[in-house]
Every structure is written in C-alpha cells, then in structure tokens.
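Residue-level structural notes
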2 protein chains.
Amino acid sequence: MKKIYLSPSDMPKQWYNLLADIPQLAPPISPVTGKPATPDELLKIFPGPILEQEMSAERYIDIPEEVMEILSIWRPTPVVRAERLEKALGTKCRIYYKNEGVSPAGSHKTNTAVPQAFYNKICGINKLATETGAGQWGSALSFATNIFEMALKVYMVKVSYHQKPYRKSFMNMFGAEVIPSPSIFTNAGRAELERDPASNGSLGLAISEAVEDAVMNDDTNYALGSVLNHVILHQSIIGLEAKKQMEIGGDYPDMVFASCGGGSNFGGIASAFVKDKLDGKKVECVAVEPLSCPTLTKGQFTFDYGDVAKMTPIMQMFTLGHDFMPPAIHAGGLRYHGDSPIVSKMYQEGIVGARSIGQTDVFKYGTMFAKTEGIIPAPESSHAIAGVAKEALACDERGESKSLLFCLSGHGHFDMASYDSYYEGKLEDYDYPEEAINESLKNVPTVDLS
Amino acid sequence: MKKIYLSPSDMPKQWYNLLADIPQLAPPISPVTGKPATPDELLKIFPGPILEQEMSAERYIDIPEEVMEILSIWRPTPVVRAERLEKALGTKCRIYYKNEGVSPAGSHKTNTAVPQAFYNKICGINKLATETGAGQWGSALSFATNIFEMALKVYMVKVSYHQKPYRKSFMNMFGAEVIPSPSIFTNAGRAELERDPASNGSLGLAISEAVEDAVMNDDTNYALGSVLNHVILHQSIIGLEAKKQMEIGGDYPDMVFASCGGGSNFGGIASAFVKDKLDGKKVECVAVEPLSCPTLTKGQFTFDYGDVAKMTPIMQMFTLGHDFMPPAIHAGGLRYHGDSPIVSKMYQEGIVGARSIGQTDVFKYGTMFAKTEGIIPAPESSHAIAGVAKEALACDERGESKSLLFCLSGHGHFDMASYDSYYEGKLEDYDYPEEAINESLKNVPTVDLS
C-alpha cells in the first residue's frame, strides 16, 4: 500500500475558484420576480461573505485561520495507491484514491460545512436550517455548528429518517434537531402532507422546507451542502491537496473520477485539474452519476428551480426537471434532479466528461474495493470506484496503461443496509427513466434574460 | 491538531513478547485431565506456529512478510495530540491518543486477526470458527479470512446479533457465516436453549460453541480475539509504534491508559512501555474496566475456565467466575468474566495498575471526545478516554501536568444506539455487582499443580 500523506504545513491555505477561469455563468434568477436575483433577496438566507464567494471572480480566496484550525482535525486527507484493487482487477493501470471518508462526519461534506457555519457565526447568525437526504450533509453541518456553538435544524427526507436511524443519532449527538420531511412546520411540508399524508418526502422538498424556515425566521440562515458556487469553492481543497500528493508520488492522473449528485465532490477534486487542463495540460475529469438519475448524461441544460416548491433561485444547469422523482436507489446523495451550475457549465462546454452507471455495477466494484482496500465505501462513492474500474478494464483491452485518480467521498458505515440488499439480490438495477424525465422536463420555467 | 505519523518504512518488523520479561505464568490446565494441557490437546484447535507463540519466551518475534503487507493497508496508525479535548477539559496535561479505529474493521482487533488467519492458512487450515460479542472481533476476523480466502463461522451473542444488525452485514460482506448464539448446532448451544429457549446468550457461551465446533470438526480451527498470549503479542505493535511516535513528537507518557476486557488492547499498547518500566524508566500503565464488570479491581487471581461450558483450558488469571453474567452495559467488548493471564500477572505483581469507571462517566467523556476531536469512539474505547480525562482533572487539582497517552481502540459507527440511550437518559449506571461476583467466584475450579 502506497499511502501519500501531505504534511499539515503543506495544506492549502487558499481555495481555488473555478469561476475565475471557466466561461461565465448565467446569473441566478429570483423565483419571485423572474429577474436576476438581487443580493438583498439572497441575504435573507445567506451571510454576506458566503454571497461574496458565490459571486466572486477572484482566482484564489484565503481560508480563514479559524476554519483552517478545524479542517486540520482531519486534513490533509491521504491519497492511496490502490494496489490491491489493481491486482484484483488484473489491470495495468495505476489507480489512486483521495480518501475524504476520514472526516468527522465520514465524507467530504465537512469541508464546506465548517466554513459555512463559520461565516454565518461571524455575521451574528446563531441558527441554521438545512436539509439532508442520505444524512451525510446533515451530519457534517451538525459537526460544524457544534464547533461554533450554533443551533441547527435538519429537515431529513422521511424515508431516510426511518431507514437510517443512526444518521439521526449522529446529528443528535452533535446537538442538531432532526425533523422528518415533509413536516407540519412549513407551508411546503403541510402542502405535501395534504396531497399525500404518507409521503416519504424527497430532497427537493426538504430543501423547500429548510429554505422556508430560513426565509420566515429572521434569526435563521440556510446552508446548502452542494450545487452552489461557494460549496464547489470550499471543496476545491480536495483537488489542490490531491494534485500536490500526486506530485509527491511521482505521478500525474490521466483521468480524474468522482461521483456526481449536486456536484460538489466532483467539482472539488476536479477543480485543480480543470485549471491544469485550461492551462494546456492533458487531463480528463469524469463525473459519474447513477443510470437512474442521469442529470448530466440525459438531462437538459436549461434554467430550473433547485427544489420542488420553487423557493430557490432559478439556475442555469443540467436538470431532469425540478419535480423529477428518481427511483429509490441506495446512493441517496445522488438522487437530485439538478447539478451544480459550475459543473453543468463545464460539461456543456466540453471541459469535463460524464458517465452513468447502474447500481449493480456500482455495488459490484464497491464491494471489490472494500475487500481489497479494507474500506467500505459509501454507495455514492462506489459510483466513482465503478467508473475507474470500468475505465481500467477498457484501457487493458485497448492495451493502454493510464494513471487514474478518484475521490472516495465517504465511508459506508451508515449504509450497511444497502449492502445487505445487494447480497440478498434485492437491488433493482433501474434503467434510464426516459419517460419520467421527458414528463418532468416539461415543467422547467421559461426565463427571459433580455 | 498535532498528528504524528510514522513512515511506513518505520513500521515495526517484529512483535515484542512480554513473556520474555515478566514473571513466569502458570501453565494452562486441561479441562479434561486437570493437569497442564499438552500441546496435542491444544493443536486440535490451534495451528503450530500460534501455539509456539503462545508458549514462546523469545523477546522479539518476526512479523511474516505476508502479514506485514496486509497490516500496512492501515498501519502505522496515527498518534494525535488531543489539543481540543485538553481545552474542553481545561487541563494543563498533554493528552495523546493512538488511533486504532482506522483499521478495516474499525478496531485494534484486526492486528491479530490477520496473523491468526495467516498462520492457520499456511498450516493447511481453510476453516475457522470464532465467537463475537459486540461484533468487532468477528468483523476483524472476517476481513482477515477473506484476504486469505478461508471460510469463517462466527457465533455471535444473540442479543448483539439482534441489536447490531450492521455488524452482521459487515461480516456477511466479507464472506463470513454469522450464527446467533446459543444455536442448535452445538451441544453447548442446545443445552442452553433447553435451559432457557429465549436465552440471549453470552460471550462465555459463544466461546463454548466456537471451541466445540473446532474440536468436533477436523478441518476447522478456533481463533480467539483476546486473552491469550499470542494475541497480546500481535497487539504489541500498537505500543511499539506509539513509543516511536511519542519520541518523534518529543514527549514521553507519564501514564498510558487503555480499556480492558480480555486485555489485548491494554496489553498491546502497554507492552513497549512495560518493557521500559522493567528497564527502570518511570511510566505507569493503567487498565480501565467497567464498574459493572470489574475483573481486575474486584476479581480474584486464581485458576478459572475461559468459558461457560468449561471447554477452554483453565488459566490463572483475574476472574469474576466463569459463570458471572455482567449487566447489559453498552461496552459489549468489556463484558467478560476473565482477563488475559499476561495482564493478570502484571497486575498481580504491581507492574500495571487498574481502575473501574461507570458507564455514565464513560459516555460523558466519550461524547466530549467526539465533539472536540471529531471521532465517535466505541463505548469500549470511551473507558480509556474517561480514565484519561479523570486523571487529567485530578492532576490539575494537584497542580501537576502530566503527559497522558491512551489507545483509542475503535470507532463507534456501529454503536450509535448506545449513544441514543445515553442522550435519552436511559443508560443505567450499574454499580459494582458484589453479591453476584461472590456467588460466581464460588464456582471456580480447584487446581493442584503439585
């Protein structure tokens, strides 16, 4: 096992901002006025420094010292040469992974949870509201709000709330209040419960509830775990570290893989390598998404809402339609209809690539990774593993030998039930849900930017 | 956060054997003959190299290359200065922890699972039987048998089998067969089910079932996750690494703490420091055990069986009586009536110390650790945390400032239900069960060594 550690003193002290180098994004549109959202509208739910980062064109942005101190609890994270996985695959490719599962909440989400809590805190905000699907984001933010002594309300998709009781235990332990969504505490929640009293909820709806909570309560702000520009910015630390570590290891990736739901994990590890690519270096970044929720590979690049209740700004992105309801695959973190505007723009411009993989393959290679590398991956992360494994085998067939890097975004210790389903043969391999997507794409809003 | 990494090339290449330096142990006694057990009796369930290590007086024993390769998947493990915990305690002491939770199975148990599987494999054994209480040992051994392509049957204490379904999922994933104990597959299991069809089982009984399985099946050997000399030997790598890391960090511990059930975690980290102490250096090693199962602090140093059904060799050790049934505390791994003969001998001779702590304090300091250091500890490991925290506070009162090292034997990702109980105020703080111990101590066997 070749583990490449970065010395704590070599941890990046600045985030890298993709907005400085990729083609300009369309502005976010207010769901109320249909015109570009004004800072005042956004300041209702976000603190000033976060909003600045959301719009900033500066290439490098300093990481505050207070944030560095907390990140350094688990960072820099290791890069590992997956020699035993290579052997099991019988590949001539060199496979490396950046292990973000070592964070307190067990995933890369903590990288943005800490600065988001910090910036809110220094702006005098002591309460946050957010949503969580699989529970990784809620866990990460509860860790962060506990550090900065803030209150946190987490609207957790009801089906996850019941399926993953230990994620709730985790959040409770760090002082968060966890509310199954749909709840009776918001208009969005009540409307859904009226429509279907037995509703299992969805990520889009939980977002609506959390945003409404923040809009209705002056003392409460909202925090989002993916999609937005400032989140991708905070996650750039993954790629910056990984690039240094590959240099230390004497290699450079021909290809970089990460799973992609909202896009923060992919955007995070890709960032430093996309910069290299724009500077003329040869490197390919590939987002891997579920076959059953193929936002980039089968969605449309257009303006759409980020949530079901149409409370979020309308953004130009790849989307399957804001009311698209993906099948209940086990990678809950990838069940989102949209994608980060930054990642979407990069894909649209051909700067990065994307692939979709069904969950049988995802679990096949995820378990192979567990057995060889000794880490049980989150089902989300296994999408990247499957992407890399398939690429390695394809390289072997072509007689090529590539250097492949992927982001292991998190461990699967809270996802064991999904492995049970896999071994019991109960995992359905949902195909690309073409009709449902065509239907939901009819409901995207029309935006007139003239 | 001061993290002290050891370079992979500095990983110890030999285990340290306490038997070379501590006063001689009494021999194990055959449960059949009442005389010292013969190698032939023990070879029915253990492979030759393991038996050699069990009896060896050599100070250093080479770690086989094949074992080194697997251990290096996660070793060397980090030593971390717990600065944020120190701050939360307000102590002037310096607190360090050795993090064994980074192993594939999430605890120190993997350190001995790998060599045990390896030695069995090279002796032509392809099937192992074992027991597991909380599930950590079964998980570790399933990881190891998967690596060496062996079959594994795990008798899992029935109450844990139902309480911790995800531990079972973990073992299944790595190819192990998990059987709730008491089972109908052994005489010991059937006898218990006859006595009480609704029996929840116990560790002592699960051991009986696994030993019986190995005795009755020629192709099957038995593996034990703690107590025995060879297990303490394999765990010595923890202390050897930690000592090097403390040197790198420019400090030396005044005291070393570890939780103590069967004794392998404590014996493992203590080993290198006990050697220093015997060489004249000033260092104190302290085993921390549950108030409700106070083997060292309230037990008797005498000969006793390792299991309920009296199938294991009789060993001289601290014991509460082999049929002592501890209250159902959440640190399942510490609910064992006996203790490692090596650790027992060291405690009897005054070479190491011991303390007992109730579970309310254990969870109080365990959650404090989680919130400050960002790692959810296993309830077993939290005994060491509580021991260190109380010592630090006592030092402050005395105006002393000590260097305190403890072993974080594992993470608590599969123990979240116990944290729920704690936060819901449902945790009972069982007192020292004096009457039950007096009763069970009446049943220890009489051994005549003359």
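In the block above lies the structure referred to throughout.
Because the structure is a prediction, the values reported are computed rather than measured. (Residues numbered from 1 in each chain as written. Chains lettered and ligands numbered in written order. Predicted model: local features only at pLDDT ≥ 70, side-chain atom pairs only at ≥ 80, totals over all residues. Heavy atoms only, no water.)

**As for the overall build of chain A**
Quick note on the threshold: By definition, any uninterrupted DSSP run of H or I lasting at least four residues is a helix, any uninterrupted run of E lasting at least two residues is a strand, and each is numbered from the N terminus. Exposure classes here rest on a 1.4 Å probe applied to the protein chains alone. A residue is buried below 20% of its type maximum, exposed above 50%, and partly exposed in between. Any two residues having at least one pair of non-hydrogen atoms within 4.5 Å are treated as being in contact. The accessible surface values rely on the Shrake-Rupley method and a 1.4 Å probe; as for residues, cover is taken only from the protein chains in view. When charges are counted, neither His nor the chain ends are considered; positive counts come from Lys and Arg and negative counts from Asp and Glu. Taken as the charge location is NZ of Lys, CZ of Arg, CG of Asp or CD of Glu.
Scanning chain A for helices and strands turns up 18 helices and 15 strands. Overall, chain A is about 55 × 50 × 50 Å in size when its C-alpha atoms are taken along their principal axes. The buried share among the 450 residues of chain A stands at 66%. Long-range contacts, defined here as pairs at least 24 residues apart, represent 76% of the contacts in chain A between residues at least 6 apart. Accessible surface, chain A: about 15400 Å² in total, of which carbon and sulfur atoms supply 49%. For chain A, the distance from the average position of its 41 positive side-chain charges to the average position of its 55 negative side-chain charges is 5 Å.

**Brief notes about the relation of the copies chain B and chain A**
Note the cut-off: Alignment of the copies relies on least squares applied to C-alpha atoms, considering only residues that score at least 70 for pLDDT in both.
With an axial shift of 0.0 Å and an RMSD of 0.0 Å, the rotation relating chain B to chain A amounts to 180 degrees. Here the copies are linked by what is in effect a two-fold axis. Identified as the residue of chain B closest to the rotation axis by C-alpha distance is H413 of chain B, at 3.2 Å. Counting the interface residues of chain B, we find that 100% of their copies in chain A are interface residues as well, pointing to one common contact surface.

**Let's talk about the packing of helix α5 (residues 110–122) of chain B against helix α11 (residues 229–248) of chain B**
Residue and element names in this part refer to chain B. Worth spelling out the cut-off: In this analysis an axis means a line fitted to C-alpha atoms, helices contributing only their contacting stretch, and an angle means the value between N-to-C directions, from 0 to 180 degrees. Under this scheme an angle from 65 to 115 degrees is roughly perpendicular, one under 35 degrees roughly parallel, and one over 145 degrees roughly antiparallel; angles in between are oblique. What makes a crossing left-handed is the near helix being turned counterclockwise from the far one by less than a right angle; a clockwise turn instead makes it right-handed. Residue type decides the class: Asp, Glu, Lys and Arg count as charged, Ala, Val, Leu, Ile, Met, Phe, Trp, Tyr, Cys and Pro as nonpolar, and the leftover types, Gly among them, as polar.
The interhelical angle for the contact between α5 and α11, taken along N-to-C directions, is 130 degrees, at an axis separation of 8 Å. Judged by the inter-axis angle, α5 sits oblique to α11. The crossing of α5 and α11 is right-handed. Contact with α5, carried on its side by N111, T112, P115, Q116 and Y119, involves H230, V231, H234, Q235, I237 and I238 of α11 and no other residues of that element. Class assignment for the residues of the contact of α5 with α11 results in five nonpolar, six polar and no charged.

**Quick word on the interface of chain B and chain A**
The following threshold applies: For any pair of parts, buried area is found by adding up, for both, the accessible area (1.4 Å probe) each one loses once the two are put together. Note on definitions: salt bridges are taken to be side-chain nitrogens of Lys or Arg within 4 Å of carboxyl oxygens of Asp or Glu. Within 3.5 Å is the distance limit for a polar contact, defined as a pair of N or O atoms, with the added protein rule that one can donate a hydrogen and the other accept it, and that residues adjacent in sequence qualify only through two side-chain atoms.
Listed as interface residues are 35 residues of chain B and, on the opposing side, 36 residues of chain A. Considering only the side of chain B, the residues that lose the most area to chain A are Y166, M173 and K371 of chain B, jointly responsible for 21% of the buried surface there. Counting across the chain B and chain A interface gives two salt bridges. Here R84 of chain B and E69 of chain A are joined by a salt bridge, their closest N and O atoms 3.7 Å apart. Put simply, chain B and chain A have twelve residue pairs in polar contact (both at pLDDT 80 or more) between them. Secondary structure elements with two or more residues in the side of chain B that touches chain A: α3 (65–71), α6 (136–147), α8 (165–173), α15 (359–373) and α17 (416–423) of chain B. Class assignment of the residues belonging to the side of chain B that touches chain A gives a composition of 19 nonpolar, nine polar and seven charged.

**Comments concerning the packing of helix α9 (residues 187–195) of chain A against helix α10 (residues 203–216) of chain A**
All names here are of chain A. Axis separation between α9 and α10 bottoms out at 7 Å; the angle between their running directions is 140 degrees. Facing α9, whose interface residues are N187, A188, G189 and E192, α10 presents L205, S208, E209 and E212. Class assignment for the residues of the contact of α9 with α10 results in two nonpolar, three polar and three charged.

**Here's the deal with the nonpolar core**
This is how it is decided: Residue types Ala, Val, Leu, Ile, Met, Phe, Trp, Tyr and Cys, when buried and joined through side-chain atoms within 4.5 Å, form a set referred to as a nonpolar core.
By size, the foremost hydrophobic cluster in this structure holds 264 residues, and its most contacted members are F406 of chain A together with F406 of chain B. With residues up to four places along the chain from it excluded, the contact list for F406 of chain B reads I95, Y96, Y97, K98, F257, I269, F369, A384, I385 and V388 of chain B.

**Some remarks on the packing of aromatic side chains**
All names here are of chain A. Here is the rule we go by: Pairing of aromatic side chains requires ring centres within 6.5 Å, counting the rings of Phe and Tyr and the six-membered ring of Trp. Pairs whose planes differ by under 30 degrees are stacked, by over 60 edge-to-face, and all others tilted.
A complete count under the given rule lists 36 aromatic pairs over all chains for this structure. Pairing F143 with F174 gives two aromatic rings, centres 5.9 Å apart and planes at 75 degrees, and the pair type is edge-to-face. Linking F143 in helix α6 (residues 136–147) with F174 in the loop between α8 (165–173) and β8 (177–181), this pair joins segments that are 31 residues apart in sequence. Among the residues examined, F143 registers a relative accessible area of 0% and is labelled buried.

**Things to note about the pairing of strand β10 (residues 255–259) of chain B**
Every other side chain in a regular strand lies on the same face of the sheet, so the side chains alternate between the two faces. All names here are of chain B. Put simply, the rule is: Two strands are counted as paired when DSSP detects at least two bridges linking them. With its strands directed away from the observer, a crossover is right-handed exactly when the path from the first strand over the helix to the second travels clockwise.
Most of β10 is tucked away, with five of its five residues classed as buried. Summarising the sheet, β10 and strand β11 (residues 284–290) pair through five bridges and their orientation is parallel. Of the residues in β11, the one forming a bridge with F257 is V286. Following the chain from β10 across helix α12 (residues 264–278) to the adjacent parallel β11, one finds a crossover that is right-handed. Bridging between β10 and strand β15 (residues 403–408) involves three bridges; their strand directions are parallel. Along β15, the bridge assignment pairs F257 with F406.

**Some details on the environment of L141 of chain A**
Residues and elements named next belong to chain A. Inspection of the secondary structure assignment puts L141 in helix α6. For L141, a relative accessible area of 0% gives the class buried. Discounting residues that sit within four places of it in the chain, L141 has contacts with A113, L128, T130, L152 and A223.

**Here we look at the sheet that holds strand β6 (residues 127–132) of chain B**
Hydrogen bonds between backbone atoms are what pair the strands of a sheet, whose relative direction is either parallel or antiparallel. Residue and element names in this part refer to chain B. Spatially, β8-β7-β6-β9 is the arrangement adopted by the four strands of the open sheet, whose pairing is parallel. Looking at strand neighbours, the two that pair on one side only are β8 (177–181) and β9 (220–222), the edges of this open sheet. Mean inter-strand twist for the sheet, computed between neighbouring axes without regard to direction, equals 25 degrees. Strand direction decides the pairing type here: strand β7 (residues 151–157) and β8, joined by five bridges, are parallel. Residue M156 lies in a different strand from β8, and its bridge partner there is P180. Docked against the sheet, α6 engages β6 and β7, running at close to 160 degrees with respect to β6. Docked against the sheet, helix α10 (residues 203–216) engages β6, β7, β8 and β9, running at close to 170 degrees with respect to β6.

**Points about the pattern of salt bridges**
All names here are of chain A. Enumeration over the complete set of coordinates arrives at 44 salt bridges over all chains. Notably, a salt bridge pairs D219 with K127, separated by 3.2 Å at the nearest N-O pair. In this pair, D219 sits in the loop between α10 and β9 (220–222) while K127 sits in strand β6 (residues 127–132), placing the two residues 92 residues apart along the sequence. Overall, D219 belongs to the partly exposed group, its relative accessible area being 38%.

**Digging into the sheet that holds β8 of chain A**
Residues and elements named next belong to chain A. Spatially, β8-β7-β6-β9 is the arrangement adopted by the four strands of the open sheet, whose pairing is parallel. A single partner strand is all that each edge strand has here, and the edge strands are β8 and β9. On average, each strand axis in the sheet is tilted by 25 degrees relative to the strand beside it, whichever way the strands run. Judged from the three bridges that link them, β6 and β9 form a sheet pairing that is parallel.

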